[in-house]
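# Inside the fold
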Amino acid sequence: MQDCGSGQVIAEFGLAALWLAAALAVLQLIAGGVALSRRGDALGAVVRPVAIVQGVLALAAFAALVAVFISTDLSVKLVAANSHSAKPLLYKIAGAWGNHEGSMLLWVTIMGLAGGFVAAVERRLPERTMMATLAGQAFVSIGFYVFLLFASNPFTRLAEPAAEGQGLNPLLQDPGLAFHPPTLYVGYVGLSIAFSFAIGALITREVSPAFARAMRPWVLGAWIFLTLGITAGSYWAYYELGWGGWWFWDPVENASLMPWLAATALLHSCGVLAARNALRAWTLMLGVVAFSMSMIGTFLVRSGILTSVHAFAVDPRRGTFILVLLAIYIGGALMLFALRAGSISEGERFAVTSRESGLVFNNVMLSGTLGIVLIGTLYPLLAEAMGMKVSVGPPYFNPFTALFVVPMLLVLMVGPLLRWRLDNFGRVRSGLIIPALILVLSIGIAIVMAPGKMLSIIGLALAPALAFASLLPLRGRRLSRVKLPLWGMVLAHFGVAVSLFGMACDSAFTVEKLVAVRPGEAVRVGPWQVTMKSITPIAGPNWTALEGDLQASYNGTAPSLLRPQSRSFWTPPQQTNESALLTRWNGQLYTVLGDEAADGRWQLRLWWKPFVTMIWLGGVLIALGGLLAMLGHVASDVRRVIARSKIAFRRERQGR
Amino acid sequence: MSAAPKIPERAAIRTSRWALWLPLALFAGFIVLVLIGLLRPASHDVASQFVGKPLPEFSLRAAADNRPGLARANMIGGKPRLLNVFASWCAPCAAEAPQLAQLAAAGVEIDGVAIRDHKPELAAFLARYGNPYTRIGADDVSAVQMAIGSSGAPETFIIDAQGVIRYQHIGEIRTEHVPMLLARLQEAGK
């Protein structure tokens, strides 16, 4: 410690904050648990403040990690292994979470902050349920603190500072990706709140519409971030990997899709519970499953058990550690569910033709999709256990998920029009004539335009009908009176249709060209005429690149310039292809510069992708719909709280 | 509201007792499956297609100033030797340096292939972690690496006197691997 300058204290400060946060989580668990017993009320008062301070300390630890990354403190092992002094500032900061230890610290930070936030603002539930919830949140946090402190300490120091850092994976050096993981993590870990709420409700057996109303904003919040994270991740993979695809069914993607599917089911069943006091046990089950999927997904990715090509990418000890945590938390929660759910009554009944039935159908189909994705993701593991090596790809995932998603979308056209409890299909039939006509018409058009492509035809046929049907709940209402949650629902369902249209168009109408051209030569791809002007070398902060100057003209209109690059990073050495995109309202031209061929020609990969941007536009609309719904619910809850306190205040004033 | 708000019985959802345990049972199955995958060390030993094949023809320039370059001809004859694929930018390569030094001290000839490396960084790496190599070839485009079926660094191959690949070790050499490698070298020499 002879040269322990002021800068290097930061790492020690972060470690201390992390230990303190872990200690407070233990206190939160004990105090919350004791508060549940009859004589423990006194201790209950500390639970909320402790939860808040725990979150703040975790945030301080995370800030310390970001600080050592910004100052490139090479005495910290993690910095030496993942950063480099010559890296741009943005990627120094992003480097803090672009690795295993840092991302786990981000995980506990979000978890601590979410718990603290709940402790600070959530006053709608019975205090006993809140104590059980916060104790549950602390219980889960403790496992991750232990994992961080003993198996992946981000603040480990090197006996001797490294001479220079080893850099960040060049694929991750992209502004989109710098903020993609935190967004997803807020979603993953935000679901821990729903998990803890479910545990709390199972322990105290208090499941009511009020419970669902309290849980819904948290689920919606996490779900919005998940939606945005998945959308952004898909777009990142699309333009950064240079393969022109937007979803690859790879385990990392599936790991984000599975919690999203569970959370989507959860927020719909939450709606049933809040409005009708039905689906009680099922909602609790989904609350447990959603966060379990987050943890399983993270485990599958972090342990490297699925993606391993190299033995050193896998640390079996770490994998085993997380697996033990999973077994305790998920196993424990499911055990609690099995023991308690029997004594939680199913709640109100409903008829087959009713809003509830529509939502039950939605839940079953979403769960089915979730099962398909889970099985597909785990299948290589299952096959390996039986001595085979296989990989599962789109030929499995696409048709099998469609098997559940297509019926769900068909019901989605009708479900939101039905009344709660009991309805008569004849009442809504007249409204469905137009969507049905659109459906039939677009099936015809799709069969002509994309012959033989079954899934594309289904998508092209469903999307316009669904887009129209999603607006039907607004029919006959005065738009100025429509409440925010309804706007949210309409917008999100419309977003599903938009996204589906983009996916179907991309798979049906994409034109691909792989050519080798000399500067000056022109290529035709779809409606575009692309001319390669020149190739020039350029240099960036930690890379050099060859840049192609392409001129693209759409059906003979004035040409625009595209500049795809083939980049070489030197810390660590890696080649990446920076694609160049040209966006029009009706699609994107996608260009990738490849290697130089022997005779002075350059490989060029070109795609014309009609309406591909709709995929992500739809994703954003879905998230926006979620935001509107959340704002609407929170606003009406706040109004209710204010009204209640006004009544209490008047009573007090009148001396009652 | 319409006339008869009577709700048929069967629409209510009934969950039987055993169904409540189903999620837990499924999860237990998942845990067992993952444990099998996690604890089977053999599953990561990708049976190399290149074991038993002769080395391809190659000739690499010297990567360091104080060691000669590496060609196929250098690896024929004499005793079996190790071919170590490494790079100065690779963290596990630094971690296996003591084990390589131990093998070199045991009299094993180790030839290195430095992947996409630069002279100053490589010199600093060798100065810092030791230089157990007899020869070091610079493989700037991963050509030799690809040709011998290595997809990452570090990897270590056992090459017998006839220039045939006898074993491929993926990942860094840990202390517990040293006796195994020595035994395999001995076997390759018979």
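Here the residue index of a chain counts from 1 through its sequence in written order. Here chains are named by letter from A upward and ligands by number from 1 upward, in the order in which they appear as written. For a predicted model such as this one, the threshold for reporting local features is a pLDDT of at least 70, and the threshold for listing and counting side-chain atom pairs is 80 or more; totals across whole chains, interfaces and linings nevertheless cover every residue.

## Some words on the overall build of chain B
- The number of helices and strands found in chain B is six helices and seven strands.
- Secondary structure elements follow DSSP: runs of H or I of four or more residues count as helices, runs of E of two or more count as strands, with numbering from the N terminus. When the helices and strands of chain B are listed from N to C terminus, the series reads α-β-β-β-α-α-β-α-β-α-β-β-α.
- The buried share among the 190 residues of chain B stands at 36%.
- Counted over contacts in chain B with a minimum sequence separation of 6, partners at least 24 positions apart contribute 75%. Think of it as a crowd count around each C-beta: if 20 or more other C-beta atoms lie within 10 Å the residue is buried, if 12 or fewer it is exposed, and in between it is partly exposed, with C-beta placed from the backbone throughout. A residue pair is marked as a contact if its C-beta atoms, positioned from the backbone, fall within 7 Å.

## Side note on the nonpolar core
Residue and element names in this part refer to chain A.
- In these notes, a nonpolar core means any group of buried Ala, Val, Leu, Ile, Met, Phe, Trp, Tyr and Cys residues linked to one another through C-beta atoms within 7 Å. Residues A194, V219, A262, A263 and L466 are the most contacted members of the largest nonpolar core, which totals 182 residues.
- Ranked by the residues each element gives to this core, the list is headed by helix α8 (residues 209–240), at 17 residues.
- Filtering out sequence-adjacent residues up to four positions away, A194 remains in contact with M215, W218, V219, L266, G287, A290 and F291.

## Regarding the pairing of strand β8 (residues 580–584) of chain A
Residues and elements named next belong to chain A.
- Looking at chain direction, β8 and strand β9 (residues 587–596) are connected through five bridges and run antiparallel. Across the sheet, the residue bridging to R584 is G587, located in β9.
- Between β8 and β9, which pair antiparallel and follow one another directly, the connecting turn spans two residues. We call two strands paired when DSSP finds no fewer than two bridges between them.

## Quick look at the domain arrangement of chain B
- Entries for chain B in the domain assignment read domain 1 (12–41) and domain 2 (48–189).
- Domain 1 of chain B and domain 2 of chain B are separated by 45 Å when their C-alpha centres are compared. For the domains described, the bounds stem from an automatic or database domain assignment.

## Some points on the sheet that holds strand β5 (residues 135–139) of chain B
Residues and elements named next belong to chain B.
- A sheet is described by the order of its strands in space; here five strands give the open sequence β5-β4-β3-β6-β7, paired in mixed fashion. What marks the edges here is a single partner per strand, and that holds for β5 and β7 (165–170). Across the sheet, the mean angle from the axis of one strand to that of its neighbour is 20°, orientation sign disregarded.
- Note that strand β3 (residues 81–86) and strand β6 (residues 155–159) share five bridges and pair antiparallel. Residue V85 lies in a different strand from β6, and its bridge partner there is E155.
- Each of β6 and β7 touches helix α6 (residues 178–189); the most contacted strand, β7, lies at about 165° to it. Each axis is a line fitted through C-alpha atoms, and for a helix only the stretch in contact is used; angles between axes span 0 to 180 degrees, taken between their N-to-C directions.

## Structural notes on the sheet that holds strand β1 (residues 511–517) of chain A
Residue and element names in this part refer to chain A.
- Taken together, four strands build an open sheet; the order of strands is β1-β10-β9-β8 and the sheet is antiparallel. At either margin of the open sheet sits one strand with a lone partner, and together these are β1 and β8. Taking the axes of each pair of neighbouring strands and ignoring which way they run, one obtains an average angle of 15° across the sheet.

## Some words on the environment of G190(A)
- Looking at where G190(A) falls in the secondary structure, it is placed in helix α7 (residues 175–204).
- Distance from G190(A) to G115(A), taken between C-alpha atoms, is 9.1 Å for residues 75 residues apart in sequence.

## Here's the deal with the packing of α8(A) against helix α18 (residues 614–653) of chain A
Residue and element names in this part refer to chain A.
- One way to put it is that α8 packs onto α18 with a least axis distance of 9 Å and a crossing angle of 165°. One way to sum up the angle between α8 and α18 is to call them roughly antiparallel. Regarding α8 and α18, the two cross each other, and that crossing is left-handed.
- Classes in brief: Ala, Val, Leu, Ile, Met, Phe, Trp, Tyr, Cys and Pro nonpolar; Asp, Glu, Lys and Arg charged; the others, Gly included, polar. When its residues are assigned to classes, the contact of α8 with α18 shows 15 nonpolar, seven polar and three charged. Angles below 35 degrees are treated as roughly parallel, those above 145 as roughly antiparallel, those between 65 and 115 as roughly perpendicular, and all remaining angles as oblique. In this scheme the crossing of two helices becomes right-handed for a clockwise turn of the near helix relative to the far one and left-handed for an anticlockwise turn of less than a right angle.

## Remarks on the packing of helix α16 (residues 454–471) of chain A against helix α17 (residues 484–509) of chain A
Residue and element names in this part refer to chain A.
- Between α16 and α17, the least distance of the axes is 8 Å, while the angle of their chain directions is 160°. When the axis of α16 is compared with that of α17, the two are roughly antiparallel. Every pair of crossing elements has a handedness; the one defined by α16 and α17 is left-handed. Only V490, H493, F494, V496, A497, V498, L500, F501, M503, A504, S507 and A508 of α17 make contact with α16, whose side of the interface consists of L455, S456, G459, L460, L462, A463, L466, A467, S470 and L471.

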